[in-house]
Amino acid sequence: MMAAAALRRSLPFAARVAGALCILVAQAMAVPAGAVELYETGPAEDAAFLRFVNATGKALEVRPEGSGAKLALPPGQPASDFVAVHAGKALRGTVTLGKQSLATETTVQPGEFATVVVLGGPDGSLMQQTLRDSPDDFNAMKVTLVFYSLASQCEQASVQVAGRGIALFEQAATAVAPARRQVNPVPLAVQLACGGRPVGAPVDIGRLQAGGRYTLFAVPGVPVPVLFAVTDVLAP
Amino acid sequence: MPASASLLAGLSILMIGDSHLTSPGYLIDTLHDDFVRQGAVVHTVGVCGSNPGDWVAATAGTCGAAERRGNAPASFLPSGGTTTPITNLIAADKPDLVVVVMGDTLASYDKPAFQKAWAWQRTSQFTKTLAAAGTACVWVGPAWGTEGGRYNKSFARVTQVSTFLASNVAPCSYIDSLKLSAQGQWPTTDGQHLTAPAYRQWATAIDHAIVALPLVHGLAKK
């Protein structure tokens with residue numbers, strides 16, 4: 001307001017009129033009469049998300065490069081939230097377990113939900129596997145289950161409803177491609193089977209929430225592969 | 001006024017949304033008036049360009065805002081504006097029913113593809129907040145509009161968005177505006193925003209759809 005008043009005082013009348021007309025013309029050109037000012041109806045590219053999952057059974061830390069922050073993944077809380085990240089940009093960090101460390105680098109594409117799974121190798125070393133999912137089945141009334149079979153010792157891995165022998169996922173190949181299905185929001189306990197035979201203890205996921213997304217991981221274990229479930233959560 | 005108009009009598013309605021609520025003659029006038037005429041206590045807040053996630057925390061708008069209470073005239077802010085978190089609005093109004101009018105701002109009309117992961121992120125953040133509040137809600141999806149225009153709207157993309165919303169706005173009941181008119185039946189000024197007579201028609205159709213919902217019958221004051 002003060003600047004405008006000073007401008008009015010310093011300019012001749014004709015110049016002030018010309019300036020006002022320019023402003024009016026510019027406004028008229030920018031927004032047609034009665035129209036809403038133009039706005040975006042979405043971002044330039046789709047969202048991208050990254051999370052880490054600790055499949056080692058021991059306490060793990062992840063430190064993003066260039067940040068003093070650290071992400072703790074204790075055995076009781078093996079999955080981080082999915083964090084929104086810049087698509088197409090390499091994200092680097094260090095994974096630490098005790099005295100061992102592992103460099104990690106992931107580039108997430110638009111629309112992707114990427115998961116870096118940290119596993120214990122057969123020789124005790126740390127390994128990582130990056131899983132990429134581009135879901136197209138969002139549904140707030142159903143439950144989405146995704147299964148990754150990452151245990152090479154579990155051939156023809158399948159997941160059944162515990163105690164009922166009903167197959168949820170049948171004979172998944174050992175691969176990083178997700179197997180997925182939608183189910184109703186009910187209480188669920190699941191059982192891993194290898195070659196048609198139940199392996200390990202049932203995993204009680206509890207009551208599935210409508211709209212919820214859950215991931216099941218079959219990972220190498222001693223003496224048998226291990227199945228565990230995590231709830232897919234978006235960071236606020 | 002529909003025959004079942006008395007269903008809304010005495011109900012407190014909070015209506016929030018995007019640019020369809022931020023200019024004179026838009027739904028902040030037409031639909032708001034319909035609710036008031038039926039005896040509802042209505043509070044409408046619109047922020048132009050806002051998407052559902054923008055109502056989880058206060059977020060600056062870019063192209064205007066408006067607010068209206070009851071029979072009072074709406075106050076319009078021609079630019080800027082900020083959302084009020086839905087939890088704050090619900091805590092203040094204690095509404096019986098929340099009406100959400102959003103969809104076009106999730107459509108990415110000028111992009112080659114519908115940004116589904118982003119749309120899901122923005123929508124699910126908001127619906128989780130609504131679910132936690134436990135308030136009954138109705139979600140009004142986008143209308144056909146007309147193809148092209150300043151936003152490059154297309155019938156194909158608005159169909160994608162509406163289909164997405166239909167399965168992702170729970171716990172809200174979804175009103176599919178695409179079923180309320182034929183393609184291009186309601187003229188627009190820019191492809192996306194309707195003419196004043198068309199906003200009148202859209203409001204009437206929404207009103208009829210709302211009072212037909214079992215949810216609303218359950219809320220009706222005895």
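Structure shown above.
Parameters at a glance
- Residues numbered from 1 in each chain as written.
- Chains lettered and ligands numbered in written order.
- Predicted model: local features only at pLDDT ≥ 70, side-chain atom pairs only at ≥ 80, totals over all residues.
- Heavy atoms only, no water.
- Helix = DSSP H or I, 4+ residues; strand = E, 2+ residues; numbered from the N terminus.
- Buried < 20%, exposed > 50% of the residue type's maximum accessible area, 1.4 Å probe, protein only.
- Contact = heavy atoms within 4.5 Å.
- Buried area = accessible area lost by both parts, 1.4 Å probe.
- Salt bridge = Lys/Arg side-chain N within 4 Å of Asp/Glu carboxyl O.
- Pairing = 2+ DSSP bridges.
- Axes fitted to C-alpha atoms, helices over the stretch in contact; angles between N-to-C directions.
- Core = buried A, V, L, I, M, F, W, Y, C linked by side-chain atoms within 4.5 Å.

### Re the environment of Val 117 of chain A
Residues and elements named next belong to chain A.
Piece 1. Locating Val 117 in the fold gives a position in strand β7 (residues 113-120).
Piece 2. Residue Val 117 is classed as buried on the basis of its relative accessible area of 0%.
Piece 3. With residues near it in sequence (within four places) discarded, Val 117 still touches Val 53, Ala 55, Met 127, Gln 128, Gln 129, Leu 131, Leu 150 and Phe 217.

### Overview of the interface of chain A and chain B
Piece 1. Taken residue by residue, the interface counts 27 residues in chain A and 34 residues in chain B.
Piece 2. With both chains or domains summed, chain A and chain B bury close to 2600 Å², and 57% of this area falls on carbon and sulfur atoms.
Piece 3. Its largest share of buried area at the contact with chain B, chain A owes to Tyr 39, Thr 41 and Phe 138 of chain A, together 29% of the area lost on that side.
Piece 4. On inspection of chain A and its partner chain B, the count reaches two salt bridges.
Piece 5. Salt-bridge contacts for Asp 136 of chain A lead to Lys 116 of chain B; the nearest nitrogen and oxygen are separated by 2.9 Å.

### Looking at the pattern of salt bridges
All names here are of chain A.
Piece 1. Applying the stated criterion across every chain yields a total of 18 salt bridges over all chains.
Piece 2. Between Arg 51 and Asp 232 there is a salt bridge, with the nearest N and O atoms lying 2.8 Å from each other. Taken together, the positions of Arg 51 in strand β1 (residues 48-54) and Asp 232 in the segment after β16 (226-231) put the pair 181 residues apart, joining distant regions of the chain.
Piece 3. For Arg 51, a relative accessible area of 1% puts it in the buried group.
Piece 4. Classification of Asp 232 as buried rests on a relative accessible area of 17%.
Piece 5. Through salt bridges that share partners, Asp 133, Asp 137, Arg 180 and Arg 213 make up one connected network.

### Things to note about the sheet that holds strand β11 (residues 166-172) of chain A
All names here are of chain A.
Piece 1. A sheet is described by the order of its strands in space; here four strands give the open sequence β11-β10-β13-β14, paired in antiparallel fashion. Each edge of the open sheet is held by one strand with a lone partner, namely β11 and β14 (197-207). Strand-to-strand twist in this sheet, taken as the mean axis angle between neighbours without regard to direction, amounts to 20 degrees.
Piece 2. Bridge count for strand β10 (residues 157-161) against strand β13 (residues 187-194) is four bridges, and the pairing is antiparallel. Bridging from a neighbouring strand, Gln 160 pairs with Gln 191 of β13.

### Observations concerning the nonpolar core
Piece 1. Membership of the largest hydrophobic core comes to 43 residues, with the highest contact counts inside it found for Leu 8, Ile 13, Leu 27, Phe 35, Val 99, Trp 202 and Ile 210 of chain B.
Piece 2. Contributing elements (two or more residues each) for this core: β1 (12-17), α1 (30-37), β5 (97-101), β6 (136-140) and α5 (196-211) of chain B.
Piece 3. When residues in this core are grouped by element, the largest group, nine residues, is from α5 of chain B.
Piece 4. If sequence neighbours within four positions are ignored, Leu 8 of chain B has contacts with Ile 13, Phe 35, Gln 38, Gly 39, Ala 40, Asp 207, Val 211 and Val 216 of chain B.
Piece 5. Counting 40 residues, the second-largest nonpolar core is a separate cluster that includes Phe 49 and Leu 234 of chain A together with Phe 114 and Trp 120 of chain B.

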